Every structure is written in structure tokens, then in C-alpha cells.
Amino acid sequence: MVEDSGSTVNQLLERWNLGDRQAHEALLARVYPALKAIAARALAAEPAGLSLQPTALVNEAYLKLVDLNRVDWRGRSHFLALAGQVMRQILVDQARHRGAAKRSWGRRVTFTGSLAEVMDSAEVLILDQALTELASEHGDLAQVVELRVFGGLTIEETAVAMGTSTPTVKRRWRSARAWLLDWISNDQ
């Protein structure tokens, strides 16, 4: 996801945690391409002219991340995961602001890691509602979905961000997809 080594990003995060302003600026330069790719996937299905552009979404998300009080960054995957969560919040707020009505998903949903590529505003709201309910029952499953869909993380990166094994993430991903598909089909 990030072009340079994860260790460089991890070192920059550690220095940022210690208050090093130059590390903060260098970090932005290193992670910007990954954040922009996540944002582009998240915005792919939005109607032209009605949505944030990827650059604006990245900038808004990054400003929110910078405003967080002393996050103990656990590395590149943790940073990108939190960035994905912030982008989810921004997209949900934007969809609510536009007054998108809840409606049925108009196409077959497979819940791949790049689901955000096929979501419009109403679908973002539906997924947000489903994730909120899933989190109340199975927080670990909801976290996997959020990291994969909104954070753009791979299975392996999700395992690192969650501090668990790859097989555990794969199991949780399968369970979460099944739960969400059932919820959406029964809720609509």
C-alpha cells in the first residue's frame, strides 16, 4: 500500500509521537499515495460533481488525524486503518448531509476487500448502519470489515493492525461478509 518500507513509516510515526514536526511532514509525503488510493476506491461510485474528490477526502481525513490527541501509533497498518475509519466517518457524514434515502442495494454485493468501489451514498449509509449493528454484536468482525473496506487493508495488513493472525482475520472476514449479506437481505 505504501511504496516505501513499512519500517520507515513506523520510524516516522514514532518520531511524530515524540512531537517531531519534521517527521509529521515526512510521514505525510510517505503515506499520501496510499491514502489517496484508499480515497479513490471509496469515491469511485459517487456521482461526478456531487462528491469529494480523492485529494479533498485525503486532506480532510489527514486534518482529522492530525487533530487526534496523542495517538500511540502502532505502525503503518494502524495509521492506515485509522485513516480508513476517519474516511468512513467523512463519507457517512457527507451521505447524510446530502439526504441520501435508504434503499435496496441495486446490484449483487460480494463484499470483496474493495467493496467501496461499488458503493454510492445510500449504500454507504446502509453499510454504516449494518456495521454499527454488527459492532454491537461482534466488534471484532466489524473491525475487520472497516479495515478492509474503508481502510483498504489486505488480510495480512488487517492482521497486523488488529494484532492477530492471518487465519483469524480470514475467518472473521468470511463470518462478517456472511453476517452483512444476511442483514442486508433481511433488512431490505
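**Considering the pattern of salt bridges**
Step number 1: Counted under the stated rule, the structure contains 2 salt bridges.
Step number 2: In this structure, Arg-15 engages Asp-20 in a salt bridge whose closest nitrogen and oxygen atoms are separated by 3.0 Å.
Step number 3: Using a relative accessible area of 36% as the deciding quantity, one classes Arg-15 as partly exposed.
Step number 4: A relative accessible area of 24% places Asp-20 in the partly exposed class.
Step number 5: With a closest N to O distance of 3.2 Å, Asp-140 and Arg-172 form a salt bridge. With Asp-140 in helix α6 (residues 139–150) and Arg-172 in helix α8 (residues 166–187), this pair connects stretches of sequence that are 32 residues apart.
Step number 6: Residue classification places Arg-172 among the partly exposed residues on the basis of a relative accessible area of 21%.

**Structural notes on the confidence of the model for the protein chain**
Step number 1: Overall, the prediction assigns the protein chain a mean pLDDT of 76, with 77% of residues at 70 or greater.
Step number 2: Across the protein chain, element-level confidence peaks in α8 with a mean pLDDT of 89 and bottoms out in helix α4 (residues 76–97) with 80.
Step number 3: Of the regions scoring below 50 in pLDDT, residues 101–110 engages in 24 contacts with residues more than four places distant in sequence or in other chains.
Step number 4: Contacts of residues 113–118 to residues separated by more than four positions or lying in other chains number 17 contacts, the stretch itself having pLDDT below 50.

**With respect to the nonpolar core**
Step number 1: Formed by 57 residues in total, the largest nonpolar core has its most connected members in Leu-27, Leu-35, Trp-73, Phe-79, Met-87 and Leu-134.
Step number 2: The element contributing the most residues to this core is α4, with 11 residues.
Step number 3: Apart from residues no more than four positions distant in its own chain, Leu-27 is found in contact with Val-9, Leu-12, Leu-13, Trp-16, Tyr-62 and Phe-79.

About the criteria used
- Residues numbered from 1 in each chain as written.
- Predicted model: local features only at pLDDT ≥ 70, side-chain atom pairs only at ≥ 80, totals over all residues.
- Heavy atoms only, no water.
- Salt bridge = Lys/Arg side-chain N within 4 Å of Asp/Glu carboxyl O.
- Buried < 20%, exposed > 50% of the residue type's maximum accessible area, 1.4 Å probe, protein only.
- Helix = DSSP H or I, 4+ residues; strand = E, 2+ residues; numbered from the N terminus.
- pLDDT = per-residue confidence, 0-100.
- Contact = heavy atoms within 4.5 Å.
- Core = buried A, V, L, I, M, F, W, Y, C linked by side-chain atoms within 4.5 Å.

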